[in-house]
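Geometric and topological summary
Here is how the chains run, residue by residue.
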Amino acid sequence: MTESTEADAIAALQRLGLSKYEAQVFCALQPIEKAAASEISKNSDVPRSQVYGAAEGLEELGLVDVQQSNPQQFRAVGLDEARAHLQAKIEREQDRAFEALDSLQQQPIDETETQEDIWTIRGQETINDRVSQLISNANRRIIFGARDPEMLDENVIDALLEAKANGINVFITSGNPSVCDLFEDRGLEACQFPMKPDDNDRSGRVLAIDSDVILMSVLVPIHNENQNEVAFWSDGTGFASILTGLLETWFSKFIDA
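Below is a short write-up of the structure. Since this is a predicted model, take the numbers as computed values, not measurements.

**A closer look at the pattern of salt bridges**
As enumerated under the stated definition, the model contains five salt bridges in all. Put simply, Arg186 and Glu154 hold a salt bridge, and the shortest N to O gap is 2.7 Å. Residue Arg186 is found in the loop between helix H8 (177–185) and strand E6 (190–192), and its partner Glu154 is found in helix H7 (residues 154–165); the two are separated by 32 residues along the sequence. Residue class for Glu154 comes out partly exposed when judged on its relative accessible area of 44%. The network of salt bridges with common partners includes Glu154, Asp158 and Arg186.

**A short note on a nonpolar patch on the surface**
Taken together, Phe98, Leu101 and Leu104 make up a surface patch of nonpolar side chains, about 320 Å² in accessible area. Its place among the elements puts Leu101 in helix H5 (residues 79–106).

**What to know about the packing of helix H2 (residues 20–28) against helix H3 (residues 37–44)**
In the contact formed by H2 and H3, the axes pass within 9 Å of each other and the chain directions differ by 100°. Looking at the two axes, H2 sits roughly perpendicular to H3. On the side of H2, the interface is formed by Gln24, Val25 and Ala28, while H3 contributes Ile40, Asn43 and Ser44. Grouping the amino acids of the contact of H2 with H3 by side-chain chemistry returns three nonpolar, three polar and no charged.

**Side note on the side chain of Glu22**
Turning to its location among the elements, Glu22 is positioned in helix H2. One buried charge, Glu22, has no salt-bridge partner; the nearest side chain with opposite charge is Lys89, at 7.7 Å. Among the polar contacts made by the side chain of Glu22, one reaches the main-chain amide nitrogen of Ser19 at a distance of 3.0 Å.

**Section: the environment of Leu29**
As for its placement among the helices and strands, Leu29 is situated in the loop between H2 and H3. Separated by 48 residues in the primary sequence, Leu29 and Val77 have C-alpha atoms spaced 9.4 Å apart.

**Some words on the packing of H3 against helix H4 (residues 48–60)**
Two numbers describe how H3 lies on H4: the axes approach to 9 Å, and their chain directions differ by 105°. In terms of axis orientation, H3 runs roughly perpendicular to H4. Note on element contacts: H4 touches H3 through Arg48, Val51 and Tyr52, opposite Ala37, Ser38, Ile40 and Ser41. Considered class by class, the residues forming the contact of H3 with H4 number four nonpolar, two polar and one charged.

**Remarks on unusual backbone geometry**
A cis geometry characterises the amide bond from Asn70 onward to Pro71, with omega recorded as 0°. Here Pro71 shows up in the loop between strand E1 (64–67) and strand E2 (73–76). Unusually for a residue other than glycine, Asp45 sits at a positive phi of about 65°. Position of Asp45 among the secondary structure elements: in the loop between H3 and H4. The phi dihedral of Asp210 is positive, around 50°, even though this residue is not glycine. Within the element layout of this structure, Asp210 appears in the loop between strand E7 (203–209) and strand E8 (213–222).

**Quick look at the packing of aromatic side chains**
Here the structure, examined in full by the defined rule, presents three aromatic pairs. Geometrically, the ring pair formed by Tyr52 and Phe74 is edge-to-face, given 6.2 Å between the ring centres and 70° between the ring planes. One end of the pair, Tyr52, is in helix H4; the other, Phe74, is in strand E2, and 22 residues separate them in sequence. Given a relative accessible area of 36%, Tyr52 falls into the partly exposed group. With centroids separated by 6.0 Å and ring planes inclined at 75°, the aromatic side chains of Phe144 and Phe183 adopt a geometry described as edge-to-face. Of this pair, Phe144 sits in strand E4 (residues 141–146) while Phe183 sits in helix H8; the two residues are 39 residues apart in sequence, bridging distant segments of the chain. Residue class for Phe144 comes out buried when judged on its relative accessible area of 1%.

Conventions and cut-offs
Residues numbered from 1 in each chain as written. Predicted model: local features only at pLDDT ≥ 70, side-chain atom pairs only at ≥ 80, totals over all residues. Heavy atoms only, no water. Salt bridge = Lys/Arg side-chain N within 4 Å of Asp/Glu carboxyl O. Helix = DSSP H or I, 4+ residues; strand = E, 2+ residues; numbered from the N terminus. Buried < 20%, exposed > 50% of the residue type's maximum accessible area, 1.4 Å probe, protein only. Patch = residues over 30% accessible without salt bridge, like charges linked within 9 Å, V, L, I, M, F, W, Y side chains within 5 Å. Areas by Shrake-Rupley, 256 points an atom, 1.4 Å probe, with all protein chains shown as cover. Axes fitted to C-alpha atoms, helices over the stretch in contact; angles between N-to-C directions. Parallel < 35°, antiparallel > 145°, perpendicular 65-115°, else oblique. Contact = heavy atoms within 4.5 Å. Nonpolar A, V, L, I, M, F, W, Y, C, P; charged D, E, K, R; others polar. Lys, Arg positive; Asp, Glu negative; His and termini not counted. Polar contact = N/O pair within 3.5 Å; in protein donor to acceptor, adjacent residues only side chain to side chain. Phe/Tyr/Trp six-rings, centres within 6.5 Å; stacked < 30°, edge-to-face > 60°.

So, in structure tokens, the structure goes:
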């Protein structure tokens, strides 16, 4: 085993949950049938006093067999067996972690305290996914606006079409006639409101659902070249209710009573 190969193996075993000494001992045992602590120490640079503890940990994981002789002898199990033991360990830890997380979700929230959850997401693709998911949960009304056709992802348009087909009141607006035309071509009525062109305008899009879901985005320049879309959204909070109310008031002259 070359130094680079051994280093890769040790690093990979550590990522699988072994300590550094355990990984070094297990690798040192690969090319030999069995060895005492002194030989393992010589081949692995693990201090002899630490070999016993590492071997004990490996034995508990099922990766090493220990021969009770004088001195003790250690040997690694076959790779297929070692893989199976590590896989079982990973699955046990995964089950334990998610059972604990599930228990945390079941814990009651102190109703004497309130929390306004406002989330930030970055990147057009991630925001498209969030917009589509929020639209799919609408019950009564959707207000959607965008300033640039590039923000009109097909999944978002499909989600709006499906919402309209399900009887949701969908109101779409933009100051950009190209955006309105694109929606009209897809069978979604769009209302254009007066807007003066402004190259410095960093607004992105807005989504308001029912009376308590809001998402708004802006465009942030990156290295004076591309622009990265950044959005904040909130669901079921007082903050969201206030903003959706303000949007409804602002768009009221366009929305049929």
